[in-house]
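# What the coordinates show
Letter by letter, the chains look like this.
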Amino acid sequence: MSECSGLASGVGETCAKVILFGEHSVVYGYSAVAIPLKNLKMRATVKRANAPITSNASNASNTSIADEKNGITLKALDFCGPLQNAPKRLDSVKTAIYKALQFANWRGEALQVETACDFPPERGLGSSAAAAGAVIRAILDFYSIEASEDELFALTQEAENVAHGKASGLDAKATAAARAVRFFGGEFSNINIRMHAWLVLADSGCKGQTRDTVEALRKKRDLNPHEVDALLEQLGEIAISAEGDLELGRPLEIGLKMSRAHEILTQLGVSTPLLDALVRAACKGGALGAKLTGGGGGGCVIALAQSCEDALKVKLALERAGAVKTWIVEIGG
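Below or above, wherever it landed, is the structure these notes cover. (Residues numbered from 1 in each chain as written. Predicted model: local features only at pLDDT ≥ 70, side-chain atom pairs only at ≥ 80, totals over all residues. Heavy atoms only, no water.)

As a further point, take the nonpolar core. Ranked by size, the top nonpolar core spans 90 residues in total, and within it Phe21, Ile35, Leu37, Leu74, Ile97, Leu199 and Leu201 carry the most contacts. Top element by residues in this core is helix H2 (residues 127-142). It accounts for ten residues. Those residues within four positions of Leu201 in sequence are excluded, and the remaining contacts are Val18, Leu37, Leu40, Leu125, Val301, Ile302, Lys325, Thr326, Trp327 and Val329. Counting residues in hydrophobic clusters, the runner-up holds nine residues, among them Ile19, Ala32, Ala34 and Val181. (Core = buried A, V, L, I, M, F, W, Y, C linked by side-chain atoms within 4.5 Å. Buried < 20%, exposed > 50% of the residue type's maximum accessible area, 1.4 Å probe, protein only. Helix = DSSP H or I, 4+ residues; strand = E, 2+ residues; numbered from the N terminus. Contact = heavy atoms within 4.5 Å.)

In structure tokens, the structure reads:
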């Protein structure tokens, strides 16, 4: 490992992701498909810290504080202060920073770490994995240290396991991927999307409840294993068949599968009335199909449109139905 390179700053970048198919069923061994959203970025910067100064709650948003214990300052979301004082919701980022510094053979110099994001946290878009991956890359860039893709993934996974318990790795992989990602049996592979379409994302304004929905579904499965397993199997079959649709360029089939997947997720109890209303609005507005993405209980809906013009109509329909923010992402092409 090299000593500090003397760079003015280090930068790292990842992106949001959506699970196109496989929410919840992937927990039980079925396939899942995720797509990186390259125009929704997570960025991190690292630089040497200035001399320690004081701060208070009223000016914390624009003040840098050197961590008296380890010399690390973090500015992320609405927190700004010593890393050791960061709230529990930033445990993943804290872990990522410590692991990256350990990898870089950190010698104790004071550093400032800052993240900036184009998408909200806790919406099923992979924000914790994206933030962890971005700060890891920024720290290694600051120290001019090369890391392999496998090493970057392993470091990000350590942070994700703090955020989500035993994470599958799908978010860590997809938020740094160049292409769609297939996950099955603990193995990852890439999918080439050979169709030109648009995804419209709609934020319900409610935080996703992944831990709660996963646990509730587990209890539901314990009580009624045959019914729940049959629905999970259907989700797995949809994910596998959708891989071929993506590679063969069949957006109509993808749209139908999205809507069917949402119906099953609703039956499993992980949707909400607002998410259901957004899905209906998207389909009435011209989407080929729509579904929740992520753990459910809140978060986002995604809808598939066949043209940019259709995507704009779907976007408007979602906003009228209560979406607090929407994005259009071009895929394939």
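Resuming the write-up.
As a further point, take the pattern of salt bridges. On inspection of all chains with the given rule, the structure shows 19 salt bridges. We note a salt bridge from Lys41 to Glu13, for which the minimum N-O separation is 3.5 Å. Taken together, the residues span a long stretch of sequence, with Lys41 in strand E2 (residues 32-48) and Glu13 in strand E1 (residues 10-21) at a distance of 28 residues. Here Arg123 ties to Asp203 by a salt bridge, and the two come within 2.7 Å at their closest N and O atoms. Pair noted here: Arg123 is in the loop between strand E5 (111-117) and H2 and Asp203 is in strand E8 (residues 196-203), with a separation of 80 residues, a long-range link. Of the two residues, Arg123 and Asp203, both sit in the buried class. Three or more residues joined by partner-sharing salt bridges are found here, namely Glu13, Lys41, Arg43 and Asp118. (Salt bridge = Lys/Arg side-chain N within 4 Å of Asp/Glu carboxyl O.)

Following both chains from N to C, one finds helix H6 (residues 225-248) and helix H7 (residues 251-267) inclined at 165°, their axes separated by 10 Å at the closest point. Taken together, the axes of H6 and H7 lie roughly antiparallel to each other. Seen from above, H6 lies across H7 with left-handed handedness. Side by side, H6 and H7 meet where Leu231, Gln234, Leu235, Ile238, Ser241, Ala242, Asp245 and Leu246 of the first sit next to Glu253, Ile254, Lys257, Arg260, Ala261, Ile264, Leu265 and Gln267 of the second. Among the residues forming the contact of H6 with H7, the class breakdown is nine nonpolar, three polar and four charged. (Axes fitted to C-alpha atoms, helices over the stretch in contact; angles between N-to-C directions. Parallel < 35°, antiparallel > 145°, perpendicular 65-115°, else oblique. Left-handed = near helix turned anticlockwise from the far one by under 90°. Nonpolar A, V, L, I, M, F, W, Y, C, P; charged D, E, K, R; others polar.)

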